[in-house]
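# Chains, contacts and geometry: an overview
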2 protein chains.
Amino acid sequence: MSEHTVSAYDQELTEIAGKIAEMGGLAESIVSNAVSALITQDLVLAQSTIDRDQRLDDLLHEIEMRNVQVIARRQPMGQDLREIMAATRIANDLERVGDMAKNVAKRVIAIDSDLKSKKLAIGVEHMTELALNQLKAVLDAFTRKDAEAAVRIRGQDAEIDAIYTSLFRELLTYMMEDPRNITQCAHLLFCAKNIERIGDHATNIAENVFYMVKGDHLLDDRPRMDETGVEDKESV
Amino acid sequence: MSEHTVSAYDQELTEIAGKIAEMGGLAESIVSNAVSALITQDLVLAQSTIDRDQRLDDLLHEIEMRNVQVIARRQPMGQDLREIMAATRIANDLERVGDMAKNVAKRVIAIDSDLKSKKLAIGVEHMTELALNQLKAVLDAFTRKDAEAAVRIRGQDAEIDAIYTSLFRELLTYMMEDPRNITQCAHLLFCAKNIERIGDHATNIAENVFYMVKGDHLLDDRPRMDETGVEDKESV
């Protein structure tokens, strides 16, 4: 490859990384707004969050198409190829993070009443904060090509799972205490699950960062647990 | 391209289609077994279903890697390129169908008691049958490159959504009738949602078949509704 070609190629990789960063920032903002809308029962914010998710879908298609063109034109090998494949997979995970947030926003509109319990709201907020921290940290690891950080981040998902399991039980308790809580709590069960799955997507991204840098798949030695109590060696 | 090259390329596309068919058959079998395990509370079948899902993940990685190699080697354009991109996306949807089934199987183990209601079981079975029919039909449309069938199949997802919404309400009613039903019904809510989402994945596949054949995205004129009652123009 001539110097000019290499430099143009580097430019392409930088542009792909920039698009991933744009998706990441947008996904974080959508998650944050969806959960704010849930806590404050802000129906206008919920609707605008639903509408903004479309941009993530558009960015995913743009990244997929661009990456295919780069592969066809450059025929990359080794880490270059892995970087493009990882970028495509990460874009898919970020698009799904947006879907999770959109689901929460839709349920804000379905619930359309104040949350029954301040304690529940705090639990949901705390889980969201952890999930957003994971997402930010893993996108940072992608930018820095930091495999060690990716491994560390993946290990932290257990904390989100534990909060989710405790929220799941608490929601069932509220349902049992008063049947009038059941409809709202059923929607909140799905909201909590959606946020827990944002943590799973951050974990997927961490695994792709590791693969990109090391060329090898992370061994899955951490059994994932959820409220079913059934061990699972991979993301659900 | 020489005749030899074209023929080798056709052979590669046929192999990719064969791998998609293998994933499709496996995904259908896993869904069917997961729901059988749920209806009959067969914990052994549930565990073997969870274990079999790994093969779908492996097939997805194999297809992704193979498709990237074909793009790098052949630099396909037009429908050839769209066929490979559609295959990659369809493989992703089929892997997620397996995840949905695995989630159901995990909840079988969490429930670990007979279903409270025969009527619920019939509803879940009926919804699964429709979802599996959609999945079979859309994979057939992929093989036949049949865009018209894809449009038709996409339109049929509304029936699955309607059954899901009715099951959601019924589950809430059981919860309200007797608090002892709440834990089981909470798990069944998630099972029903997982099956409903298999229909969404069939819809995604239909849209990719259309794109592959026509080179154009299907306009989304069918508002999707779910139990939140909030209209949504795309899959969740």
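The structure presented is a predicted model; accordingly, all values stated were derived computationally and were not measured. (Residues numbered from 1 in each chain as written. Chains lettered and ligands numbered in written order. Predicted model: local features only at pLDDT ≥ 70, side-chain atom pairs only at ≥ 80, totals over all residues. Heavy atoms only, no water.)

Before going further, it helps to spend a moment on the relation of the copies chain A and chain B. Overlaying chain A on chain B yields an RMSD of 0.0 Å, the required transformation being a rotation through 180° with an accompanying axial translation of 0.0 Å. What the superposition gives is, in effect, a two-fold axis relating one chain to the other. For chain A, the residue whose C-alpha comes nearest the rotation axis is Ala72 of chain A, separated from it by 2.3 Å. Most of the interface of chain A is mirrored in chain B, where 100% of its interface residues again form contacts. (Least-squares fit on C-alpha atoms with pLDDT ≥ 70 in both. Contact = heavy atoms within 4.5 Å.)

Residues annotated in UniProt with the feature "domain: PhoU" (unreviewed entry) correspond here to residues 20-108 and 124-209 of chain A. Helix makes up 92% of residues 124-209 of chain A and strand 0%. Its end C-alpha atoms lie 28 Å apart. (UniProt positions renumbered as here; feature names shortened; annotations may be inferred. Helix = DSSP H or I, 4+ residues; strand = E, 2+ residues; numbered from the N terminus.)

With that out of the way, let us pick up the confidence of the model for chain A. Residues with a pLDDT of 70 or more make up 92% of chain A, whose mean pLDDT is 91. Across chain A, the secondary-structure element scoring lowest on mean pLDDT is helix 1 (residues 3-40) of chain A, at 91, and the one scoring highest is helix 5 (residues 147-155) of chain A, at 97. (pLDDT = per-residue confidence, 0-100.)

This part covers the interface of chain A and chain B. When the parts of a complex come together, some accessible area is lost, and that lost area is often used as the size of the interface. Residue-level contacts link 45 residues of chain A with 45 residues of chain B. Interface area, chain A with chain B, both sides summed: about 4,100 Å², of which 64% is carbon and sulfur. Of the charged contacts in the structure, one is a salt bridge between Glu64 of chain A and Arg89 of chain B, with a shortest N-O distance of 2.7 Å. Secondary structure elements with two or more residues in the side of chain A that touches chain B: helix 2 (43-74), helix 3 (78-111), helix 6 (157-177) and helix 7 (182-214) of chain A. Among the elements that take part in the side of chain A that touches chain B, helix 3 of chain A stands out by supplying 11 residues, more than any other. Classifying every residue of the side of chain A that touches chain B by side-chain character gives 22 nonpolar, 8 polar and 15 charged. (Buried area = accessible area lost by both parts, 1.4 Å probe. Salt bridge = Lys/Arg side-chain N within 4 Å of Asp/Glu carboxyl O. Nonpolar A, V, L, I, M, F, W, Y, C, P; charged D, E, K, R; others polar.)

Residues and elements named next belong to chain B. Located in the positive-phi region is Asp112, a residue other than glycine, with phi close to 45°. Among the secondary structure elements, Asp112 is positioned in the loop between helix 3 (78-111) and helix 4 (118-144). The backbone phi angle of Lys145 is positive, close to 50°, even though this residue is not glycine. Assessed through its relative accessible area of 35%, Lys145 is described here as partly exposed. (Buried < 20%, exposed > 50% of the residue type's maximum accessible area, 1.4 Å probe, protein only.)

Applying the stated criterion across every chain yields a total of 5 cavities of 30 Å³ or more. For the largest cavity, the calculated volume is near 240 Å³. In this structure, the largest cavity is lined by 20 residues; those nearest its centre are Phe190, Lys193 and Arg197 of chain A together with Lys193 and Arg197 of chain B. Of all the secondary structure elements, the ones that give two or more residues to the lining of the largest cavity are helix 3 and helix 7 of chain A together with helix 3 and helix 7 (182-214) of chain B. Here the residues of the lining of the largest cavity sort into 4 nonpolar, 6 polar and 10 charged. (1 Å grid on protein atoms, 1.4 Å probe; cavity = no way out; pocket = protein on both sides within 12 Å on 5 of 7 lines; lining within 4 Å. Points joined across faces, edges and corners; volume = space filled by probe spheres on them.)

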